[in-house]
Amino acid sequence: MYIAQEESFGPVMVISKFKNGDVDGVLRRANTTEYGLASGVFTKDISKALYISEKLEAGTVFINTYNKTDVAAPFGGFKQSGFGKDLGKLFSPSLISHLTVQINGKTT
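What you see is a predicted model; the values in this text were computed from it and never measured. (Residues numbered from 1 in each chain as written. Predicted model: local features only at pLDDT ≥ 70, side-chain atom pairs only at ≥ 80, totals over all residues. Heavy atoms only, no water.)

Novice: Would you mind going over helix α2 (residues 46-55) in detail, with residue names and values included?
Specialist: All of the buried residues in α2 are Ala 49, Ile 52 and Ser 53. All buried residues of α2 lie within an arc of 100° about the axis, which places them on one face of the element. Exposed residues pointing more than 90 degrees away from the buried face of α2 are listed as Ser 47 and Glu 54. Tucked into the core, α2 has its buried residues touching α1 (23-31), β2 (38-41), β3 (60-63) and β5 (100-103). For α2, the N-terminal capping position is held by Asp 45, with its side-chain oxygen 3.1 Å away from the main-chain nitrogen of Ser 47. (Buried < 20%, exposed > 50% of the residue type's maximum accessible area, 1.4 Å probe, protein only. Helix = DSSP H or I, 4+ residues; strand = E, 2+ residues; numbered from the N terminus. Arc of directions from axis to C-beta. Contact = heavy atoms within 4.5 Å. Polar contact = N/O pair within 3.5 Å; in protein donor to acceptor, adjacent residues only side chain to side chain.)

Novice: Describe in detail the pairing of β2, supporting the description with residues and values.
Specialist: Consecutive side chains along a regular strand alternate between the two faces of the sheet. Side chains Ser 39 and Val 41 project from β2 onto a buried face, and the interleaved Ala 38 and Gly 40 project onto a face without burial. Pairing of β2 with β3, which is carried by 4 bridges, proceeds in the parallel orientation. The residue of β3 that forms the bridge with Val 41 is Ile 63. Considered for its hand, the β-α-β crossover made up of β2, α2 and β3 is right-handed. (Pairing = 2+ DSSP bridges. Right-handed = clockwise from strand over helix to strand, strands pointing away.)

What follows is the structure, encoded as structure tokens:
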């Protein structure tokens, strides 16, 4: 699906079906794109959401929320979505692959 493989800026959300329990298959599909600015996970199982957030190749992972950012959190993506992080009190050249996780609008 073309829209799921491009870095679209605007009010766009891709919702994909997957077989029950096929989390690793979902991760493979999500990580095959050349971009990785942000992603979102919606689930009642926070343990599963945290597992997924660790495996996703995205600079920010939103859990049960989307696009609610903390200005103190580093901003930037992975792969073709940026060259490291900027902003935020955690900015450092050594944190180029730092992941920001937002759970219900709170930065972890």
